[in-house]
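# Architecture at a glance
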Amino acid sequence: MKHHLLPVSPKTVHWGYFSKKVAPSLTLKSGDRATIETLTHHANDDYDRMIADDPGAESVFRWTREHKAVVRRGSGPTEGPFIRGSGEGVGVHLLTGPVAIEGAEPGDVLEVRILDVRPRPACKACHAGKCFGSNVAANWGFHYHDLIEEPKPREVITIFELDTSGEPFAKAVYNYVWTPQTDPDGILHPTIDYPGVRVDHATIRKRENILPNVRVPARLHFGTMGLAPSEEDFVSSIPPSYTGGNIDDWRVGKGAKMFYPVAVPGAFFSVGDPHAAQGDSELGGTAIETSLTGDFEFILHKQADLGGTVLEGLTHPMLETDSAWSVYGFTYPNYLAELGANAQLEIANHSSLDRAMRDAFRKLRRFLMTVHRMSEDEAISLMSVGADFGVTQVVDANWGVHGTIRKNVFRCD
Amino acid sequence: MTDGPVVRQGAVPFGMARRLLRFGYDGRCMSLRPFTSESYSEDDRPEAWRDVLGSVGLQPTVATATHCGHATAVRRSFEGVVLARLSAGAQAVSPLSDLASDHPVVLLPIEDGVVLKTAAGHQIIAAGHLLLLPRKGSWSVAFQRDMRAVVLSVTPDSLHGRRASAPGLSDVQVVAPGGFSDVVAGMMDQAARHLETLPDVEWAALAQSLHDLLPTLTRHVVEPAADLGGGTATKAATLHRLCQTIERRLDDPDLTPAKVAVAEGISERYLQKLFEGTGSSFTHYLRERRLQRTSADLSNPAEAHHSISEIAFRAGFNDSAHFSRAFRHRFGLSPREFRQHEAERLAASATAAGQRGWPQAALAQLRSQSTASTARKTAVPDPADEIGHDLAAVPGQKNHHHLSANAAHVHWGYFSRSLKPQIEINSGDTITIETLTQHASDDPERMIEGDAGAESVFHWTRDVKNVDRRGAGPMDASIFGRGAGEGFGVHICTGPVAVKDAQLGDVLEIRILDIVPRASSNPDFEGRIFGSSVAAWWGYHYKEFLAEQNAREAVTIYEIFDHDDEPHARAVYSYRWEPQTDPFGTVHATYDYPGVPVRPATVRRRHGVLEGIRIPLRPHLGVIAVAPREADFVDSVPPAYFGGNLDNWRLGKGSTIYLPVSVPGALLSVGDPHAAQGDGELGGTAIECSMTAIFQVILHKKGNLCGQAFADLTYPLIETETDWVLMGFSHPNYLAEFGAKGQSEVYATSSLDLAMKDAFRKMRRFLMNVKGLTEDEAIALMSVAVDFGVTQVVDGNWGVHAILSKRVFEQPPLPQA
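On a predicted model such as this, the values are computed, not experimentally measured, just so you know. (Residues numbered from 1 in each chain as written. Chains lettered and ligands numbered in written order. Predicted model: local features only at pLDDT ≥ 70, side-chain atom pairs only at ≥ 80, totals over all residues. Heavy atoms only, no water.)

On to the overall build of chain A. Looking only at helices and strands, one finds 6 helices and 25 strands in chain A. Compactness check: chain A gives a C-alpha radius of gyration of 21 Å against a globular reference of 22 Å for 413 residues, within 12% of the reference. Counting over 413 residues, chain A shows a buried share of 67%. In chain A, of all internal contacts separated by at least 6 residues, the share reaching a separation of at least 24 is 75%. Summed over its atoms, the accessible surface of chain A is roughly 13100 Å², and 50% of this surface lies on carbon and sulfur atoms. For chain A, the distance from the average position of its 41 positive side-chain charges to the average position of its 53 negative side-chain charges is 2 Å. (Helix = DSSP H or I, 4+ residues; strand = E, 2+ residues; numbered from the N terminus. Rg over C-alpha atoms; globule rule 2.2 N^0.38 Å. Buried < 20%, exposed > 50% of the residue type's maximum accessible area, 1.4 Å probe, protein only. Contact = heavy atoms within 4.5 Å. Areas by Shrake-Rupley, 256 points an atom, 1.4 Å probe, with all protein chains shown as cover. Lys, Arg positive; Asp, Glu negative; His and termini not counted. Charge placed at Lys NZ, Arg CZ, Asp CG, Glu CD.)

In structure tokens:
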């Protein structure tokens, strides 16, 4: 077993997409561990608190008229002229990786264990040692066309500080309404439509003393973790799918084990979209987006060895925690295959919880029948009385419902 | 490098599509504006509703208060053409006085008639007529009962000023049904029904067509409003009040001008003069309103269980023969023919079969048969009047009561404001209530035999059925022939319990102090506890089986071990449902009627099922309800604002539920006890197991709600030790939203997406009104700290709940000095 270190830098991140074409930033063997740094793509909502004087973050976010450290952001076109910028923001998450696993082949399953998760403190002197995050009630939020107060619509950024002195929690510091921002290339962003645009704090009005007396219990986790899909070279990081990705389940934190079906040789694991806290549904469009560092362990399960294990027949992401198993249902379980050539754009026109619930039901039924050898009647009875379905997210185009079954159901005499 | 234009051609569509990606589902719906009063606190509702009306060129008539009750609207616009479907309570609307436009607003009343008042007088317009309303002037349109209308608004700017060449309109015009206007009305109605789902392209085509049809319609004036004489604004206002009084008292067969005059504080002579001033008379107006009321009720599926004479009587006709003559004279058909005609019309537009509850098609069949035999006494006076001395609460004392489960203490499958209370209690009293699962008959040997209470409730022989009505359907089972009540609602509810002094607007707090399962009384199983779970035809899984025979229902009997360190349930055996013949001889091919005793010899028991599986217990009550105000008999299956079949397992020991009181006495009923259930209740049922619970019931008067977490409550609110749990539904008040069709429509149109929206709006309201947050704070907090989960997808009105941890608002203890 070897322990690797993967810090953030323009060379170790890719922004807004999963890809089987990106050269791995780390290659390791099954059983190896790695400490991986991740950055939130919302760090520029408050540059001073989340980027300034942090060499890793500065190197990734550096963007002047002359130099843009990470050019491509999203799976869109990379040749101009651009509407929003290279990659066109079709996909927004800063992902560290990919990590290639030696010997991984399509049909295998990659197990990723999260051994530890730590926040990344601010570096600038006046904030040093404190940890901050940003929550954005954005144009892709569930609420956006259903606002009751003026002005309508509006995007609101709330900056939180994470307190880890005791039971960790987050407190709001201030908020502001998004104002049109011009990026260093001269493109105007009237809404939040391209990641990593630095918000000029001279253009905004900060409102302090918000959410007084509110303490948000921390749930440190990674919103986006997954493998490169096989269907396309560049795949937007926004819709989650069969190889994982932007699942946005807060249970994917310390102690969790995620299982992903391998779709391309080497598996190509990437992680990012770190969150300090999120509710089931991620209603406004984002969590408390906070840079985090994680310790991971990777275990490759070869296809031939899956029979008779909990991984038999696995074609979708699955979570194991101390107490439960969860399967992830989506509006389209594999939208890339199901929606054809234009899938990355088409998926947003089909978002539906009803379809996601249907998918979660089918996946959990399959799990109980394949892994636990139940009859269909048994599986349905058990799901009705012992399985819990929850809303994972309603903001990532391919909406999610998770089906959870507690382990103590199976604990037997 | 490629040259500019080529790249742009590639990039632009991609960029636009990308925006779609980020806008998510709303990419399709940029022009769609849904509205529900549930988003707003009671204080903010009038203003919000005013905005809705304003978007189609209307405003509340000055003389009346702005509507502040439950209201929903769906509006969709395309380049200035706005089509809206409005659903709200009684009210009157007038023009917004947009002087810039001479295009009329087109209004189509879709369920009940309206009273049109112009400066000159007033006129009654039946449903289905199109009203062309100029955007200025002093007209008003009054919806005497509920407002249900489709409104089309076209302005000169619409479609970039593409000239519609509509003739200017200075007076209100009414277009009677027939020919061209039917086509337009039908198109408006149909388009309005599908506003949420039409793709943009199709909606645009429809909007353009409606825009183009308008000029023809405007010229197509059939009957000019028969204006009924002049009057000043004051006179008009007085007349409006008189009309409202008449509306409220239509059931009084002896309603005289004198009575109305006294009620309104004017002289009878002045009253007569006011009506004469309209070219009509009091007598004529009254008769017209009575006839309109009966025609609405006769075409209302929810009234199908009332006989024609009952309906006539309720509208103040105390002589059937006279009513029949008057009705035929007015509508050209006898009441019976009219009802049948309406039923057939409904049948033609009926929803697909196979859903639970009232099927519209079957309702139509019912109403084409004689309804006389279905007449039942339904109207019971104010419950408080009927309570015997032994049941009445002693004021000022805190008492403990006990309500056992037996045939006399339960109602099966429905909630009703008309039920006589079993007992009246004081606020603060505690009460033990025994509840029975309706699934005890899945294994009568284990769950009924030897248990006097259960035997009394389930007793059913060829001659005697102790609890006859099971469901809100007709007593003669003339729809499906399943049995009395038709199983439109299935839960055995113990109660109702009246709470002294409870009134509309109050909040009832129900604390569950304890809940224990009910052990078998059969000597063979003495002391052991059993429950049943049915993967039923209404389950979420039912239409997509994998294996063997396609559709099947499976019953699993569980044994409950509640004294274990980890209380749990284990499967004993299961069986596939086989057609069961009930004691009256009716065969139940599916699980379509509750309490049909399953004869062991008719099914094949499979043992060794779910071996090694232990289901952790979550004892709770599936049903806790106060009586809804909207209808007499309400199916117990779909939950809504009044509580009911919530099926949220968090409603167990130590939890509290707050419900808005709708009727005097509140009329609390509980039932549907569950030993365990998962979020979703996927197969259709939980582990259904009889339980006895102890409650403390506290009444919060309307005037004392301010500052409480349950102030401004229009939905069931659950409080546990650690959380607030808000219940969202596909249709938060389906009875008000759909009116007469509610008990069928709710099954046809449920979705998790709608329920999620409702849960979101309720949590936003809670955070803003109860916790004092701004909207921006509320949305930020919901995104990072509120968990939304699937409550159930099997109860007609699907549920999503929002859980807010109390920890979020807890302050750490102050540092010691």
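Once you've had a look at it, read on.
Inspection of the entire model under this criterion finds 68 salt bridges over all chains. The partner of Arg-49 of chain A in a salt bridge is Asp-46 of chain A, and the shortest N-O contact between them spans 2.9 Å. Overall, the relative accessible area of 15% leaves Arg-49 of chain A in the buried class. When the shortest N-O distance is used, the salt bridge between Glu-719 of chain B and Lys-806 of chain B registers 2.8 Å. A residue pair is termed long-range when its members are at least 10 positions apart, and Glu-719 of chain B in strand S35 (residues 717-719) and Lys-806 of chain B in the segment after strand S38 (799-805) qualify at 87 residues. Owing to a relative accessible area of 17%, Glu-719 of chain B belongs among the buried residues under this scheme. (Salt bridge = Lys/Arg side-chain N within 4 Å of Asp/Glu carboxyl O.)

Glancing now at the interface of chain A and chain B. At the junction of the two partners, chain A supplies 99 residues and chain B supplies 93 residues. Taken over both partners, the interface formed by chain A and chain B buries close to 8100 Å², and the fraction arising from carbon and sulfur atoms is 57%. At the boundary of chain A with chain B, the tally comes to 15 salt bridges. Note that Asp-377 of chain A is salt-bridged to Arg-606 of chain B, the shortest N-O span being 3.1 Å. Across the chain A-chain B interface, the total number found is 43 residue pairs in polar contact (both at pLDDT 80 or more). (Buried area = accessible area lost by both parts, 1.4 Å probe. Polar contact = N/O pair within 3.5 Å; in protein donor to acceptor, adjacent residues only side chain to side chain.)

What follows covers unusual backbone geometry. All names here are of chain A. Of the consecutive residues Glu-150 and Pro-151, the connecting peptide bond is found in the cis state with omega at -10°. Mapped onto the elements, Pro-151 comes out in the loop between strand S8 (131-137) and strand S9 (156-163). Even without glycine at this site, Leu-211 takes up a positive phi of about 45°. Structurally, the position occupied by Leu-211 is in the loop between strand S13 (207-208) and strand S14 (216-217). Classification of Leu-211 as buried rests on a relative accessible area of 2%.

With that settled, the discussion passes to helix H7 (residues 257-264) of chain B. Residue and element names in this part refer to chain B. Buried residues of H7: Pro-257, Val-260, Ala-261 and Glu-264, and no others. The arc that holds the buried residues of H7, viewed along the axis, is 100°, so those residues lie on one side. Directly after H7, the chain includes Gly-265, whose backbone phi takes a positive value near 70°. (Arc of directions from axis to C-beta.)

Another aspect to go through is the packing of aromatic side chains. All told, the structure shown has 39 aromatic pairs over all chains when counted by the stated rule. On the basis of an interplanar angle of 45° and a centroid distance of 5.7 Å, the ring pair of Phe-35 of chain B and Trp-49 of chain B is categorised as tilted. Here Phe-35 of chain B is found in strand S1 (residues 32-36), whereas its partner Trp-49 of chain B is found in helix H2 (residues 45-54), with 14 residues between them in sequence. When sorted by exposure, Phe-35 of chain B lands in the same class as Trp-49 of chain B, which is buried. Seen from their ring centres, Phe-525 of chain B and Phe-530 of chain B are 5.6 Å apart, and the 80° between their planes marks the pair as edge-to-face. One exposure class covers both Phe-525 of chain B and Phe-530 of chain B, and it is buried. Taken together through their ring pairs, the aromatic side chains of Phe-317, Phe-323, Phe-327, Phe-331 and Phe-338 of chain B make up a single cluster. It is Arg-215 of chain A that lies over the ring of Phe-169 of chain A; its NZ or CZ is 3.8 Å from the centre. The ring of Trp-325 of chain A is capped by Lys-407 of chain A, whose NZ or CZ atom sits 5.6 Å from the centre of that ring. (Phe/Tyr/Trp six-rings, centres within 6.5 Å; stacked < 30°, edge-to-face > 60°. Lys NZ or Arg CZ within 6 Å of the ring centre and 35° of its normal.)

Turning to the sheet that holds strand S7 (residues 114-117) of chain B, a few remarks are in order. All names here are of chain B. Within the open sheet, the 5 strands sit side by side as S2-S5-S10-S7-S8. Their pairing is antiparallel. The open sheet has two free edges, formed respectively by strand S2 (58-60) and strand S8 (122-125), since each of these has just one partner strand. Averaged over all pairs of adjacent strands, the angle between their axes in this sheet comes to 30°, without regard to strand direction. Pairing between S2 and strand S5 (residues 91-95): 3 bridges, direction antiparallel. Across the sheet, the residue bridging to Gln-59 is Ser-94, located in S5. Of the strands in this sheet, S2 and S5 are in contact with H2, which crosses S2 at around 150°. The sheet contacts of helix H9 (residues 282-298) involve S7 and S8, and relative to S8 the element is tilted by about 20°. (Pairing = 2+ DSSP bridges. Axes fitted to C-alpha atoms, helices over the stretch in contact; angles between N-to-C directions.)

The subject of this paragraph is the pairing of strand S20 (residues 507-517) of chain B. Residue and element names in this part refer to chain B. In the sheet, S20 pairs with strand S31 (residues 656-660) via 5 bridges, with the strands oriented antiparallel. Each residue of the ladder has a partner; that of Glu-509, found in S31, is Tyr-658. Relative to strand S34 (residues 691-700), S20 runs antiparallel, the two sharing 10 bridges. Considered in S34, the bridge of Arg-511 is made with Gln-696.

Two cysteines form a disulfide when their sulfur atoms are joined by a covalent bond. In this structure the tally under the stated criterion is 0 disulfides over all chains. The closest cysteine sulfur to the non-disulfide-bonded Cys-493 of chain B is located on Cys-689 of chain B, 17 Å from its own sulfur. (Disulfide = S-S within 2.5 Å.)

Before going further, it helps to examine the side chain of His-275 of chain A. Residue and element names in this part refer to chain A. As for its placement among the helices and strands, His-275 is situated in strand S19 (residues 269-277). We classify His-275 as buried; its relative accessible area is 0%. Of note is the side chain of His-275, whose polar atom sits 3.0 Å from the side chain of Asp-273. Excluding residues that lie within four positions of it along the chain, His-275 makes contacts with Arg-219, Leu-220, His-221, Gly-223, Asp-248, Glu-282, Ala-287, Ile-288, Glu-289, Thr-290 and Leu-292.

All names here are of chain B. The N-to-C vectors of H9 and helix H11 (residues 320-331) enclose an angle of 90°; their axes lie 11 Å apart at closest approach. Overall, the two elements H9 and H11 adopt an arrangement that is roughly perpendicular. Two secondary-structure elements touch here, H9 through Glu-288, Leu-291, Gln-292, Thr-294, Ser-295 and Leu-298 and H11 through Phe-323, Ala-326, Phe-327, Arg-330 and Phe-331. Its residues assigned to classes, the contact of H9 with H11 shows 6 nonpolar, 3 polar and 2 charged. (Parallel < 35°, antiparallel > 145°, perpendicular 65-115°, else oblique. Nonpolar A, V, L, I, M, F, W, Y, C, P; charged D, E, K, R; others polar.)

A word on a negative patch on the surface. Together, Glu-42, Asp-43, Asp-44, Glu-47 and Asp-51 of chain B make up a region of like negative charge exposed at the surface. Counting through the fold element by element, Glu-47 of chain B comes out in helix H2. (Patch = residues over 30% accessible without salt bridge, like charges linked within 9 Å, V, L, I, M, F, W, Y side chains within 5 Å.)

Just geometry here; none of it tells us what the structure is for.
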